[in-house]
Amino acid sequence: MAAEDDGEIDSDPDLIDPPMSDEAVVERLDPVAEAEIGERLDRFLAQRLPLLSRARLKSLIEKGRVRHDQVLAVDPARKIRLGEVYSVAIPRPDPVDIVPEPIALDILYEDAHLLVLNKQAGLAVHPAPGHWRGTLVNALAHHCGEALLAIGAPGRPGIVHRLDKDTTGLMVIAKSDLALTSLGKQFAARAITRQYRAFALGAPMPPTGRIATRLGRDPRDRQKMAVLEPTHASGRDAATHYETVARFGAIKAPKSGPLASELICRLETGRTHQIRVHLSHVGAPLIGDPVYADTRHGRMASSALRKAEINFSRQALHAETLGFHHPGLDRPMAFACDLPQDLHALRAELLHL
C-alpha cells in the first residue's frame, strides 16, 4: 500500500473521482459493536472506511453496493444494529492511460529498485481531473519506460508518497515490487525520516514544539482538511514537530510579533496537507498558501508583507531531507537538497523587513 506524506498522499479519493469499471473490491467489515448501535449507515461506513468520503459512501449505498448479512442496504440514513456485518463493493478505477512525456527531472539517485528526485514547483504527481497530462508520472513513464507502469496502482506507477503540486523537494519512487512493498511498510511504520523547510506568516508560539491534533475533511468544505475534535471518528491522529530558525520584521511589528518566520518541520505522521493545516492552526500559515492562510494573524501578516511588496505565488514549503532503508542494498540512505531559487529569493526579501 502506498503511504502518505505531508498531507500530500499518493492518492486522495475525496478529491479525485476517476472513471470506474464494473470490477469491484469487496470490503467486509467487522460486526457492528455496541458503541455503534443506532448510528446512521453512511456515517458508520465513513468511520470504518476513512479513505472514502461520506458522500462517496452514500452514493455507493444508493447504487446497491452495500449489503448487511447478504441483504441490500440502500438507505444511507438506516440505523445500524448490534452484530450486523456489512460489506461494501468498491469499484476499481479504470486503468489510466499514461502518456510518456519528456519532462525534465532533477534525479539525485537511481538504481534498478528506486530513484530519488527533487520535484519542482507546479508539477502534479499523478494524473487527476484538471491535469491528466504533464504530471510527474508522465515524466517517469518517459524516463523509466513501460516496466514502471506495472509497479503499483493504476495511474500512479511507482508512487509511494506524494508532494502537493506546488510543494518542492525530495521524493522516492519505487521501480520494483520489492521497493514498492518495502517503502510502503517503512512509511506505514513511520520509519521514513522527512524534514521540511517552511516560511510562515507570523511565527508559532512557543518557537519550538510539537503540534498534535486529529485531522480530517473539513465538514464545511470537503476540498480542505481541518483540525477536528479529538474524539471525531472520521479524523486521523497527526503530529508535526517544528523549530523556528529565523524571525523577520519583528522590529517593525513589536506588538503583533514578527511578520514572518522560517521553520524546520519534521513529520511524525504524514496526513493530507498536514504541515499546511498544522501551521495555520497555530496561527502561522505558510506564506503563499492559497487555501489555509486565513487565520487572523495570517491575514494581518500577509497584508503587511504586501505593503512591503513581498508576494509569493505558492505555499512556501520545501521537502529538504529524506531518509529510508534501501530494500535492495539493505542499508540506510539519506538525501538532502537545497532550497529552490524562488525560496532563496523569498528569504532574501524577508531579511530586509
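You'll find the structure just up there.
Cut-offs applied
Residues numbered from 1 in each chain as written. Predicted model: local features only at pLDDT ≥ 70, side-chain atom pairs only at ≥ 80, totals over all residues. Heavy atoms only, no water. Disulfide = S-S within 2.5 Å. Buried < 20%, exposed > 50% of the residue type's maximum accessible area, 1.4 Å probe, protein only. Salt bridge = Lys/Arg side-chain N within 4 Å of Asp/Glu carboxyl O. Helix = DSSP H or I, 4+ residues; strand = E, 2+ residues; numbered from the N terminus. Core = buried A, V, L, I, M, F, W, Y, C linked by side-chain atoms within 4.5 Å. Contact = heavy atoms within 4.5 Å. Phe/Tyr/Trp six-rings, centres within 6.5 Å; stacked < 30°, edge-to-face > 60°. Pairing = 2+ DSSP bridges. Expected span 1.5 Å × (residues − 1). Polar contact = N/O pair within 3.5 Å; in protein donor to acceptor, adjacent residues only side chain to side chain. Arc of directions from axis to C-beta. Axes fitted to C-alpha atoms, helices over the stretch in contact; angles between N-to-C directions. Parallel < 35°, antiparallel > 145°, perpendicular 65-115°, else oblique. Left-handed = near helix turned anticlockwise from the far one by under 90°. Nonpolar A, V, L, I, M, F, W, Y, C, P; charged D, E, K, R; others polar.

**Student:** How do you make sense of the state of the cysteines when you look at a structure like this?
**Tutor:** Put plainly, a disulfide is one covalent bond tying together the sulfur atoms of two cysteines. All chains considered together, the criterion is met by zero disulfides. For Cys144, which is in no disulfide, the shortest distance to another cysteine sulfur is to Cys337 and amounts to 19 Å. Cys144 sits in the partly exposed class, given a relative accessible area of 21%. The cysteine Cys337 is free of any disulfide, with Cys265 supplying the nearest cysteine sulfur at 15 Å.

**Student:** Sorry, what's going on with the pattern of salt bridges here?
**Tutor:** Pairing between side chains becomes possible if they bear opposite charge and their charged atoms approach one another. Scanning the model with the defined rule gives 17 salt bridges in all. Residues Arg220 and Asp218 are paired through a salt bridge, measuring 3.6 Å at the closest nitrogen-oxygen approach. Here Asp289 makes a salt bridge to Arg276, at a shortest N to O gap of 2.9 Å. With Asp289 in the loop between helix 5 (274-281) and helix 6 (296-307) and Arg276 in helix 5, this pair connects stretches of sequence that are 13 residues apart. Like Arg276, Asp289 is buried.

**Student:** Teacher, can you tell me more about the nonpolar core here?
**Tutor:** Here is a general trend for soluble globular proteins: nonpolar side chains tend to be buried in one another's company. In this structure, Leu136, Leu140, Ile173, Tyr196, Cys265 and Leu279 are the most contacted members of the largest nonpolar core, which totals 28 residues. Those elements that place two or more of their residues in this core are strand 6 (114-119), helix 3 (136-144), strand 7 (168-174), strand 8 (193-201), strand 12 (260-267), helix 5 and strand 13 (317-326). Sequence-distant contacts of Leu140, defined by excluding residues within four places in its chain, comprise Leu105, Leu115, Leu117, Gly145, Leu148, Ile159 and Ile173.

**Student:** So what exactly am I meant to see when it comes to the packing of aromatic side chains here?
**Tutor:** Where two aromatic rings form a pair, the distance of their centres and the angle of their planes describe that pair. Counted by the stated rule, this structure contains three aromatic pairs. Judged by centre distance (5.7 Å) and plane angle (55°), the ring pair of Phe44 and Tyr86 falls under tilted. Of this pair, Phe44 sits in helix 1 (residues 41-48) while Tyr86 is found in strand 4 (residues 86-93), placing the two residues 42 residues apart along the sequence. A single burial state applies to Phe44 and to Tyr86, both of which are buried. Both rings, one in Phe324 and one in Phe335, keep their centres 6.0 Å apart while their planes meet at 20°; by these two values the pair is stacked. Remark: Phe335 occurs in strand 14 (residues 331-336) and Phe324 occurs in strand 13; sequence separation between them is 11 residues. For Phe324, a relative accessible area of 4% gives the class buried. For Phe335, a relative accessible area of 14% puts it in the buried group. Taken together through their ring pairs, the aromatic side chains of Tyr109, Phe324 and Phe335 make up a single cluster.

**Student:** What exactly am I supposed to notice about the pairing of strand 12 here?
**Tutor:** Side chains on a regular strand alternate between the two faces of the sheet. Of all the eight residues making up strand 12, seven are buried; the element is thus mostly covered by neighbouring parts of the structure. As paired strands, strand 8 and strand 12 are joined by seven bridges and run antiparallel to one another. Along strand 12, the bridge assignment pairs Ala198 with Leu263. When strand 11 (residues 236-248) meets strand 12, the two strands line up antiparallel, connected through eight bridges. Bridging from a neighbouring strand, Phe248 pairs with Ala260 of strand 12.

**Student:** Would you mind going over helix 4 (residues 177-188) with me for this structure?
**Tutor:** Taking 1.5 Å as the rise per residue, helix 4 with 12 residues should run 16 Å; its terminal C-alpha atoms sit 16 Å apart, in good agreement. Buried residues along helix 4 sit against strand 7, strand 8 and strand 13.

**Student:** Before we go on, may I ask you to explain the environment of His126 in this structure?
**Tutor:** Assignment of secondary structure puts His126 in the loop between strand 6 and helix 3. As for His126 and Arg156, which are separated by 30 residues in sequence, their C-alpha atoms are 5.9 Å apart. Within the local environment of His126, its side chain forms a polar contact with the side chain of Arg156, the two groups lying 3.5 Å apart.

**Student:** What's the story with the side chain of Gln195 in this structure? I'm lost.
**Tutor:** As for its position among the elements, Gln195 is in strand 8. Only 2.6 Å separates the side chain of Gln195 from the side chain of Glu320, close enough to count as a polar contact. Apart from the residues within four sequence positions on either side, Gln195 is in contact with Ile264, Cys265, Arg266, His318, Ala319, Glu320 and Thr321.

**Student:** Help me understand helix 2 (residues 54-62), please; the structure alone is not making it clear to me.
**Tutor:** Of the positions making up helix 2, those classed as buried are Arg56, Leu57, Leu60 and Ile61. Across the axial projection of helix 2, the buried residues extend over an arc of 140°, all falling on one side.

**Student:** How should unusual backbone geometry be read in this particular structure?
**Tutor:** Leaving glycine aside, a negative phi is the common case for residues, and trans is the common case for peptide bonds. Looking along the chain, the bond that leaves Met205 and enters Pro206 is cis, with omega of 0°. Within the secondary structure, Pro206 sits in the loop between strand 8 and strand 9 (208-218). Of note in the backbone geometry, Gln70 takes a positive phi value of approximately 70° without being a glycine. Here Gln70 lies in the loop between strand 2 (66-68) and strand 3 (71-72).

**Student:** So what exactly am I meant to see when it comes to the side chain of Asp218 here?
**Tutor:** Take Asp218: it is sitting in strand 9. If we skip the residues at most four places from it in the chain, Asp218 touches Lys224, Met225 and Ala226.

**Student:** Looking at this model, I keep getting lost on the packing of helix 1 against helix 2. Mind explaining?
**Tutor:** Angle between the axes and distance between the axes: these two values describe a pair of packed helices. For the pair helix 1 and helix 2, the least separation of the axes is 9 Å and the interaxial angle reads 125°. In terms of orientation, helix 1 lies oblique with respect to helix 2. Considering only the axes of helix 1 and helix 2, their crossing is right-handed. Where helix 1 abuts helix 2, its residues Leu41, Asp42, Arg43, Leu45 and Ala46 lie against Arg54, Leu57 and Ile61. Class assignment of the residues belonging to the contact of helix 1 with helix 2 gives a composition of five nonpolar, no polar and three charged.

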